[in-house]
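Next come the chains, spelled out residue by residue.
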Amino acid sequence: THVKEFRLFADIINDVALTLDMLAPYAQRHGSMMSWVILSFSTIGKTLCGVSAGATKGRITQHFSRHGNMADLSAKESTQETLVSLLGMIGGVAVARVLHHMPYVFTWVLFGVLTVTHVLANYKAVKLLKLATLNPERTCELMEGLLAALVTDQSDQDLEKAMQQVKTPEEMDESLGAS
């Protein structure tokens, strides 16, 4: 029910896991056990990312599918993902070659800038999603309005007017987790 929140969580936990991967070589100086612990937490973070991203992927794909073309859309998205991964690996090798001869501070600065950019871009992308679903908070507000309209002793005409005042999911406040 919290598709957008879990999608953003997946991106953030993945960035945390990547940061732990980058810290692991520094921890090796303090013994192999510390490095092992850091890499274990990194693996747990990547696993949480995979579970969270996989759980939200279908609903987000369904959101973009407007004419019963979810399978086609999913196939195209998978192809794009493969291409982006390939370009990312090529770009990563090029950046690694450049950074290889520079002090480590440049690596950390570039990583920090790219990580912050990644989180901000994903936050904005998630905010733009307008899913037509009800999370628990929105369901409670909708049901309260509906029950208030039904419980009051009103004529049929008043009841119809009250039902028109119940908010639709699109009209609900963003603070309620509006999708």
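Procedures and definitions
Residues numbered from 1 in each chain as written. Predicted model: local features only at pLDDT ≥ 70, side-chain atom pairs only at ≥ 80, totals over all residues. Heavy atoms only, no water. Salt bridge = Lys/Arg side-chain N within 4 Å of Asp/Glu carboxyl O. Helix = DSSP H or I, 4+ residues; strand = E, 2+ residues; numbered from the N terminus. Buried < 20%, exposed > 50% of the residue type's maximum accessible area, 1.4 Å probe, protein only. Axes fitted to C-alpha atoms, helices over the stretch in contact; angles between N-to-C directions. Left-handed = near helix turned anticlockwise from the far one by under 90°. Contact = heavy atoms within 4.5 Å. Nonpolar A, V, L, I, M, F, W, Y, C, P; charged D, E, K, R; others polar. Phe/Tyr/Trp six-rings, centres within 6.5 Å; stacked < 30°, edge-to-face > 60°. Expected span 1.5 Å × (residues − 1). Patch = residues over 30% accessible without salt bridge, like charges linked within 9 Å, V, L, I, M, F, W, Y side chains within 5 Å. Areas by Shrake-Rupley, 256 points an atom, 1.4 Å probe, with all protein chains shown as cover.

## Here we look at the pattern of salt bridges
Moving on, step 1. Applying the stated criterion across every chain yields a total of 5 salt bridges.
Moving on, step 2. A salt bridge links Lys46 to Asp21, with the shortest nitrogen-to-oxygen separation between them at 2.4 Å. Here Asp21 lies in helix 1 (residues 3-27) and Lys46 lies in helix 2 (residues 32-64), a separation of 25 residues in the sequence.
Moving on, step 3. According to the relative accessible area criterion, Lys46 is partly exposed, its value standing at 36%.
Moving on, step 4. A relative accessible area of 24% places Asp21 in the partly exposed class.
Moving on, step 5. Residue Glu81 pairs with Lys57 through a salt bridge whose shortest N-O separation is 3.4 Å. Of this pair, Glu81 sits in helix 3 (residues 70-99) while Lys57 sits in helix 2, placing them 24 residues apart in sequence.

## Topic: the packing of helix 2 against helix 3
Moving on, step 1. For the pair helix 2 and helix 3, the least separation of the axes is 9 Å and the interaxial angle reads 115°. As helix 2 packs across helix 3, the resulting crossing turns out to be right-handed. For the pair helix 2 and helix 3, contact is made by Lys57, Gly58, Thr61, Gln62 and Phe64 and by Met70, Leu73, Ser74, Glu77 and Glu81, respectively.
Moving on, step 2. Its residues assigned to classes, the contact of helix 2 with helix 3 shows 3 nonpolar, 4 polar and 3 charged.

## Overview of the environment of Phe41
Moving on, step 1. By the element assignment, Phe41 lies in helix 2.
Moving on, step 2. In this structure Phe41 comes out as exposed when scored by relative accessible area, which is 52%.
Moving on, step 3. The sequence separation of Phe41 and Leu20 amounts to 21 residues, and the corresponding C-alpha distance is 7.6 Å.

## With respect to the packing of aromatic side chains
Moving on, step 1. On inspection of all chains with the given rule, the structure shows 3 aromatic pairs.
Moving on, step 2. Chaining the aromatic ring pairs together yields one cluster made of Tyr26, Tyr104, Trp108 and Phe111.

## Notes on the side chain of Ser52
Moving on, step 1. Looking at where Ser52 falls in the secondary structure, it is placed in helix 2.
Moving on, step 2. Excluding residues within four positions of it along the chain, Ser52 makes contact with Phe6, Arg7, Phe9 and Ala10.

## A few points about helix 4 (residues 104-128)
Moving on, step 1. Taking 1.5 Å as the rise per residue, helix 4 with 25 residues should run 36 Å; its terminal C-alpha atoms sit 36 Å apart, in good agreement.
Moving on, step 2. All of the buried residues along helix 4 are Phe111, Thr115, Asn122 and Val126.
Moving on, step 3. Buried-residue contacts for helix 4 involve helix 1.

## Some remarks on a nonpolar patch on the surface
Moving on, step 1. Side chains of Val98, Met102, Val105, Phe106, Val109 and Val113 sit close together on the surface and give an oily, nonpolar patch of about 540 Å² of accessible area.
Moving on, step 2. Structurally, the position occupied by Val109 is in helix 4.

Without other data, these values stay purely geometric and don't point to any function.
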